[in-house]
Amino acid sequence: YLGRNKRSVTLDLSTERGAVVFEDLVAEADVLIENFRPGTLERWNVGWEHLSGLNPDLVMLRLSGFGQTGPYSDRPGFGTLAEAMSGFASLNGFPDREPLLPPTGLADGVAALFSTFSVMFALYAREVNDAGGQYIDTSLIEPIFSLLGPQPLRYQQLDEVEERSGNRSTSSAPRNVYETGDGRAVAISASAQPIAERVFEAIDRPDLIDDERFEDNERRLENVEELDAIIQEWMHDHDRDEIVDRFEEFEATIAPIYNVADILADEHYQAREAVVEVDDPALGSGLVQNAIPKFSETPGEVSHLGPDLGEHTAEVYGDLLGYDEETLAELADAGAI
């Protein structure tokens with residue numbers, strides 16, 4: 001999955017011959033991405049100052065746990081540490097339990113997205129505004145912190161530290177996960193008054209529209225315990241599919257809680273070809289997420305899954321750098337590839 005559409009080469013940058021190959025690659029490159037601990041490339045004499053001298057148009061993305069500067073920059077960094085120190089874990093989970101870390105590499109994925117569009121902006125600046133090359137300093141910790149909203153402003157202005165609220169929201173109600181009669185679950189979010197009223201109609205309680213406890217979002221937040229109890233009681237009397245159909249009938253916002261089996265069976269995911277089956281010599285075929293977003297004129301595709309380590313060493317160094325078989329053999333003997 002992580003190796004979709006990639007080619008794989010091997011190269012030991014810490015060797016003298018490996019550093020020379022690396023310099024040849026950089027000279028041909030638009031973008032270089034590295035995620036060593038800060039200072040590693042400099043110890044190998046292939047840091048930014050050296051590489052930008054070889055290729056002044058180079059855009060170099062430096063992704064590390066805590067960034068290239070600051071008192072923590074030398075620390076080893078992983079997504080789990082960023083999820084903990086960014087404030088994410090402190091907000092994730094229920095108020096009467098310990099903080100929850102995400103079950104997937106959330107900080108890594110968020111940092112990757114920020115890094116991707118930062119590289120695109122750097123290339124735009126280079127191509128359109130003649131800005132030349134530059135390096136980009138991205139950490140794992142700051143991108144996920146930036147997604148958590150106006151917490152610094154709230155703390156500064158109101159002295160508020162947001163606490164865990166489970167599946168509820170601190171700014172809208174109803175907003176929760178509800179168990180259905182068949183033991184599954186659905187999620188509801190209805191902060192706007194018209195949508196909340198549609199929810200009341202969908203659960204056969206139009207009388208709640210005129211109930212002063214639920215007359216606006218602020219009052220619903222004040223009385224969220226009672227509101228959630230009313231909704232949950234109705235949910236227990238109906239199965240998930242019936243609930244979703246009824247909410248759609250009233251144009252009330254709802255979504256079933258899906259696992260991967262649900263996703264693969266869902267007609268909407270299928271219609272949008274969100275998952276594709278790709279031939280693979282090791283697996284026979286593999287199901288993976290498709291390329292997104294969808295481009296009208298230059299659509300992406302998944303042409304192959306992850307290659308073996310070094311599968312394209314000869315191809316890349318031969319085609320891109322013009323190395324012949326004798327040179328490749330010499331590099332292998334020297335331990336560079």
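Predicted, not measured: the structure shown is a model, and the values here were computed from it. The residue numbering used here restarts from 1 in each chain and proceeds along that chain's sequence as written. Residue-level local features of this predicted model are given only where pLDDT is at least 70; pairs of side-chain atoms are given and counted only at 80 or more, and the full residue set underlies all totals for whole chains, interfaces and linings. Hydrogen atoms and water are omitted, and side-chain values are computed over all heavy atoms in the structure.

Trainee: Which parts of the structure should I look at to understand the sheet that holds strand β4 (residues 175-179)?
Mentor: Paired through backbone hydrogen bonds, the strands of a sheet run either parallel or antiparallel to each other. We call two strands paired when DSSP finds no fewer than two bridges between them. A helix here means a DSSP run of H or I that spans at least four residues, while a strand means a run of E at least two residues long, and both kinds are numbered starting from the N terminus. Spatial ordering of the open sheet is given by β4-β5-β6, a layout of three strands whose pairing is antiparallel. Looking at the sheet topology across the chains shown, the edges are occupied by β4 and β6 (255-256). Summarising the sheet, strand β5 (residues 185-189) and β6 pair through two bridges and their orientation is antiparallel. Counterpart to A187 in the pairing with β6 is A255. Along the sheet, helix α11 (residues 224-235) contacts β4 and β5; its crossing angle with β4, the most-contacted strand, is approximately 30°. Contacts: residue pairs with any heavy atoms within 4.5 Å of one another. Helix axes are fitted to C-alpha atoms over the stretch in contact, other axes to C-alpha atoms as well, and angles between N-to-C directions run from 0 to 180 degrees.

Trainee: What is the right way to read the confidence of the model for the protein from this model?
Mentor: Regions with low pLDDT should not have their predicted coordinates read in detail. Per-residue confidence from the prediction method is given by pLDDT, with values spanning 0 to 100. On average, residues of the protein score 96 in pLDDT, and 100% of them are at 70 or above. For the protein, per-element mean pLDDT is lowest for helix α2 (residues 40-43), which scores 94, and highest for strand β2 (residues 59-64), which scores 98.

Trainee: Got a minute to help me understand helix α12 (residues 240-249) in this structure?
Mentor: For an α-helix the count is 3.6 residues per turn, leaving residues at separations of three or four pointing the same way. Only protein chains enter the calculation, and the probe is 1.4 Å; a residue is then buried if its accessible area is under 20% of its type maximum, exposed if over 50%, and partly exposed in between. For α12, the full list of buried residues reads R240, I243, V244 and F247. End-on view of α12: buried residues confined to an arc of 95°, all on one side of the axis. Exposed residues pointing more than 90 degrees away from the buried face of α12 are listed as D245 and E249. Count one or two residues on from α12 and you reach E251, which has phi positive near 55°. The arc in question is the one spanned by the directions pointing from the helix axis to the C-beta atoms.

Trainee: Can you walk me through the sheet that holds β2 in this structure?
Mentor: In space, the three strands of this open sheet follow the order β1-β2-β3, with parallel pairing throughout. Edge positions in the open sheet fall to β1 (31-34) and β3 (134-139), since each of these has one partner strand only. Recorded for the sheet is a direction-independent mean angle of 15° between the axes of neighbouring strands. Bridging between β2 and β3 involves six bridges; their strand directions are parallel. By the bridge assignment, L63 is partnered in β3 with T138.

Trainee: What should I look at first to understand the pairing of β2 in this one?
Mentor: It is a general feature of regular strands that their side chains alternate between the two faces of the sheet. Across the six residues that make up β2, a large majority, six, are buried. Here β2 shows two buried faces, one formed by V59, L61 and L63 and the other by M60, R62 and S64. Of the pairings in the sheet, the one linking β1 to β2 comprises four bridges and is parallel in character. Bridged to E34 within β2 is R62.

Trainee: Honestly, the side chain of E83 in this entry has me stumped. Any pointers?
Mentor: In this structure, E83 sits in helix α4 (residues 79-85). Under the convention used here, Asp and Glu are negative, Lys and Arg are positive, and both His and the chain ends fall outside the count. A carboxyl oxygen of Asp or Glu within 4 Å of a side-chain nitrogen of Lys or Arg is what we treat as a salt bridge. Although buried, E83 forms no salt bridge, and the nearest oppositely charged side chain, R164, lies 14 Å from it. With residues near it in sequence (within four places) discarded, E83 still touches F88, A89, L101, P102, T104, G105, L106, A107 and I144.

Trainee: How do you make sense of the pattern of salt bridges when you look at a structure like this?
Mentor: Opposite charge on two side chains permits pairing when their charged atoms draw close. Scanning the entire structure with this criterion turns up 19 salt bridges. Notably, a salt bridge pairs E34 with R62, separated by 2.5 Å at the nearest N-O pair. Placement of E34 in strand β1 and of R62 in strand β2 is noted, with a sequence separation of 28 residues between them. For R62, a relative accessible area of 5% corresponds to the buried category. Members of the salt-bridge network, linked through shared partners, are D182, R184, R240, D241 and D262.

Trainee: Can you help me understand the side chain of N217 in this one?
Mentor: Along the polypeptide, N217 turns up in helix α10 (residues 217-222). N217 sits in the buried class, given a relative accessible area of 19%.

Trainee: How should I be thinking about a nonpolar patch on the surface in this particular structure?
Mentor: What goes into a patch is any residue over 30% in relative accessible area without a salt bridge, connected to like charges within 9 Å or, for nonpolar side chains (Val, Leu, Ile, Met, Phe, Trp, Tyr), within 5 Å. Calculation of accessible area relied on Shrake-Rupley with a 1.4 Å probe; when residues are assessed, cover is drawn exclusively from the protein chains displayed. Together, V260, L264 and L287 make up an exposed nonpolar region whose accessible area comes to about 290 Å². The residue L264 is located in helix α13 (residues 260-265) in this model.

Trainee: Is there a simple way to think about helix α1 (residues 16-27) in this case?
Mentor: Counted at 1.5 Å a residue, the expected span for α1 with its twelve residues is 16 Å, and the 17 Å between its end C-alpha atoms agrees. Turning to α1, its buried residues number three or more, namely G18, A19, V21, F22, L25 and V26. Buried positions in α1, seen along its axis, are confined to an arc of 160° and lie on one side of it. Given the number of residues in a helix, its expected span is that number minus one, multiplied by 1.5 Å.

Trainee: Even after reading the chapter, I still don't get unusual backbone geometry, so can you show me in this structure?
Mentor: Both trends apply: most residues other than glycine have a negative phi, and most peptide bonds are in trans. Omega for the peptide link from A173 to P174 comes to 0°, which places this bond in the cis form. Positionally, P174 belongs in the loop between α8 (151-158) and β4. A cis amide bond, omega -10°, links I292 with the succeeding residue P293. One non-glycine residue, D204, lies in positive phi territory at about 65°.

Trainee: For this particular structure, what's the right way to read the environment of P99?
Mentor: Here P99 is to be found in the loop between α5 (88-91) and α6 (106-129). Accessibility expressed as a relative area gives 41% for P99, which makes it partly exposed. Note: C-alpha distance between P99 and I203 (104 residues apart in sequence) is 33 Å.

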